[in-house]
Amino acid sequence: MINTGKLSGLTVFITGASRGIGKAIALKVAKDGANVVEAAKTAEPHPKLAGTIYTTCQEVEAAGGKSLPCIVDVRDEHQVRKAVQEAVQKFGSIDIVVNNASAISLTPTPATDMKRYDLMHNINTRGTFLVSKECYPYLQKSAHAHILNVSPPLSMKPIWFKDHVAYTMAKYGMSMCVLGMHEEFRGDNIGVNALWPKTGVYTAAMEMLTGPESAKYNRKPEIMADAAYAILTSDPKTTTGNFFIDEQVLRDRGVTDFDQYCIDPAYKDQLMPDGFVDENISEMENRSSDRPSLATPKIQGDGRIVNVFKAIEQNLSAEAVQKTQAVFQFVVIGDEDGKWFVDLKNGKGACGRGDAPSPPDATLTMDTNNFFSMFTGSLKPASAFMTGKLKISGNMQKAMNLDTLMSSLKAKL
């Protein structure tokens, strides 16, 4: 999509603009000479994730736009209101809102703790509603007003709910804002639409979910930025109430070269289909097992116990299953309490939060510190059991066989 300059001088308020899709949209509109408000939480560099609101600000200005970085947690009403006021004070208006900030946890119901549930709903649904609400008085005054939510089509097919109902509910909340607000704000000539990718888009969130090796099966964030630009340069009076898919938006505008958006064009015919797109269902059901999938998420989060299970996940193999032939349930108590499981009996193995998917051969209960010590090699399972630091129910011999797995993790923790 070639920039036309149509957004020159307009103010674009973008949440989650420090990296990924939000940043790509910020840079795209900046090329038109737009005023860009980067509303995001990342003010300090993250040790593993590149980008802050200030580095995005520098890139926006280098691309030809004007910039206002604002530290904003979209869950905080006062921070959102302050950022909106600062934007109006500096630029005189808010013409376009892009609700991109989002939290993701692709966990089934038993494995979804309520803190994670609340986080997703407070950022995705409530944050989108709040930002749109606070910007609305200024959008009313604009001659080219748009709200664009990075959220999926509202399909009620069970496949989009069954593996991660909490996330689906939170993400669909953003889409329900589109469904309601486009009609509510029609008289104000505010276009309200949603945009969602047809394939995987490689961002920090995607790397967290599917690992760095999945990059080649994804497209770049620029495909979403170009599609967003096409929508945001359209007439808001007639372009409203749509649930757009990035590829179709661009095809409708004459784009034929989609290789340019591939991380690795050699894999253009093996791209990972994204969720919530009904036309992707048959492909998702029939895809090759060596391609990454959002239906089989990686363990997410931070903390000593989480890192132990991330390391376990990386060491799962058919060989480990063949050697162990056991399902373990872990009950961790203390400051990182929770239930976890390791299945070394079925397929290539599995692990995750919550109850084991099949009856466990052994259940091990211990506190956070002792658990970490045991898996990092400073506490032997037999010693932990004999001193009462480890409680075992079920097959004792199977439990003691964990020593082999623990030994393989020492260098990784």
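Residues numbered from 1 in each chain as written. Predicted model: local features only at pLDDT ≥ 70, side-chain atom pairs only at ≥ 80, totals over all residues. Heavy atoms only, no water.

Under the annotation held in an unreviewed UniProt entry, the chain carries the name Hydroxysteroid dehydrogenase-like protein 2 and is attributed to Zophobas morio. Under the Sequence similarities (unreviewed entry) heading, UniProt states for the chain: "Belongs to the short-chain dehydrogenases/reductases (SDR) family." (UniProt positions renumbered as here; feature names shortened; annotations may be inferred.)

Moving on, we get to the side chain of Thr15. Residue position: Thr15 is located in strand S1 (residues 11–15). Residues contacting Thr15, with those up to four places away along its chain left out, are Ala39, Val74, Val98, Asn99, Asn100, Ala101 and Val131. (Helix = DSSP H or I, 4+ residues; strand = E, 2+ residues; numbered from the N terminus. Contact = heavy atoms within 4.5 Å.)

Taken residue by residue, helix H12 (residues 368–375) has Thr368, Asn370, Phe371, Met374 and Phe375 as its buried positions. In an axial view of H12, the angular spread of the buried residues amounts to 170°, which keeps them on one side of the axis. (Buried < 20%, exposed > 50% of the residue type's maximum accessible area, 1.4 Å probe, protein only. Arc of directions from axis to C-beta.)

Right, let's talk about the sheet that holds strand S3 (residues 66–71) for a bit. Taking strand neighbours across the sheet as the criterion, the 7 strands line up as S3-S2-S1-S4-S5-S6-S7 in an open arrangement whose pairing is parallel. Bordering the open sheet on either side are S3 and strand S7 (243–245), each of which pairs with just one other strand. Sheet twist, expressed as the average angle between the axes of neighbouring strands with direction ignored, equals 20°. With 6 bridges joining them, strand S2 (residues 35–40) and S3 adopt parallel strand pairing. In the strand pairing of S3, Val37 is matched with Leu68. Of the strands in this sheet, S1, S2 and strand S4 (96–99) are in contact with helix H1 (residues 20–30), which crosses S1 at around 170°. Running at roughly 175° to S4, helix H4 (residues 114–139) makes contact with S1, S4, strand S5 (145–150) and strand S6 (190–196) of the sheet. (Pairing = 2+ DSSP bridges. Axes fitted to C-alpha atoms, helices over the stretch in contact; angles between N-to-C directions.)

As a further point, take the pairing of strand S11 (residues 362–367). One ladder, built from 6 bridges, connects strand S8 (residues 326–333) with S11; its direction is parallel. In the sheet register, Phe328 faces S11, and the bridge partner there is Ala362.

The next point concerns the packing of helix H10 (residues 304–314) against H12. Close contact between H10 and H12 brings their axes to 10 Å; oriented N to C, the two are set at 30°. The angle between the axes of H10 and H12 places the two elements in the roughly parallel class. Crossing angle aside, the handedness with which H10 passes H12 is left-handed. Along its contact with H10, which presents Arg304, Ile305, Val308, Phe309 and Ile312, the element H12 presents Thr368, Asn369, Phe371, Phe372 and Phe375. Across the contact of H10 with H12, the residue classes break down as 7 nonpolar, 2 polar and 1 charged. (Parallel < 35°, antiparallel > 145°, perpendicular 65-115°, else oblique. Left-handed = near helix turned anticlockwise from the far one by under 90°. Nonpolar A, V, L, I, M, F, W, Y, C, P; charged D, E, K, R; others polar.)

Side-chain positions along a regular strand alternate between the two faces of the sheet. When you tally the buried positions in S5, you get 6 out of 6 residues, the bulk of the element. Of the two faces of S5, the one carrying Ala145, Ile147 and Asn149 and the one carrying His146, Leu148 and Val150 are both buried. Bridge count for S4 against S5 is 4 bridges, and the pairing is parallel. Opposite Val98, over in S5, you have Leu148 as the bridge partner. Handedness of the crossover joining S4 and S5 through H4: right-handed. With 6 bridges connecting them, S5 and S6 associate as parallel partners. Each residue of the ladder has a partner; that of Val150, found in S6, is Leu195. (Right-handed = clockwise from strand over helix to strand, strands pointing away.)

Let us look at the pattern of salt bridges. On inspection of all chains with the given rule, the structure shows 18 salt bridges. Between Arg304 and Glu336 there is a salt bridge; the shortest N-O distance is 3.8 Å. Here Glu336 lies in the loop between S8 and strand S9 (338–344) and Arg304 lies in helix H10, a separation of 32 residues in the sequence. When salt bridges that share partners are traced, they join Lys198, Arg219, Glu247, Arg251 and Glu279 into one network. (Salt bridge = Lys/Arg side-chain N within 4 Å of Asp/Glu carboxyl O.)

Under the defined criterion, the tally for this structure stands at 15 aromatic pairs. For the ring pair Phe258 and Tyr261, a centre distance of 6.0 Å and an interplane angle of 50° mean the geometry is tilted. What makes Phe258 buried here is its relative accessible area of 7%. Judged by relative accessible area, Tyr261 falls into the buried class, the value being 2%. Where Phe309 meets Phe330, the ring centres are 5.8 Å apart and the plane angle is 70°; that geometry is what we call edge-to-face. Highlighted residues: Phe309 in helix H10 and Phe330 in strand S8, separated in sequence by 21 residues. The structure contains a cluster of three or more aromatic residues connected by ring pairs, namely Trp160, Phe161, Tyr167, Tyr172, Trp196 and Phe276. The positively charged end of Lys28 is found above the aromatic ring belonging to Tyr229, 5.2 Å away from the centroid. The ring of Phe372 carries the charged tip of Arg304 above its face, separated from the ring centre by 5.4 Å. (Phe/Tyr/Trp six-rings, centres within 6.5 Å; stacked < 30°, edge-to-face > 60°. Lys NZ or Arg CZ within 6 Å of the ring centre and 35° of its normal.)

For the rest of this paragraph, the subject is the state of the cysteines. Following the criterion strictly, the structure yields 0 disulfides and no others. As a non-bridged cysteine, Cys57 has Cys70 as the owner of its nearest cysteine sulfur, 9.9 Å distant. We classify Cys70 as buried; its relative accessible area is 2%. (Disulfide = S-S within 2.5 Å.)

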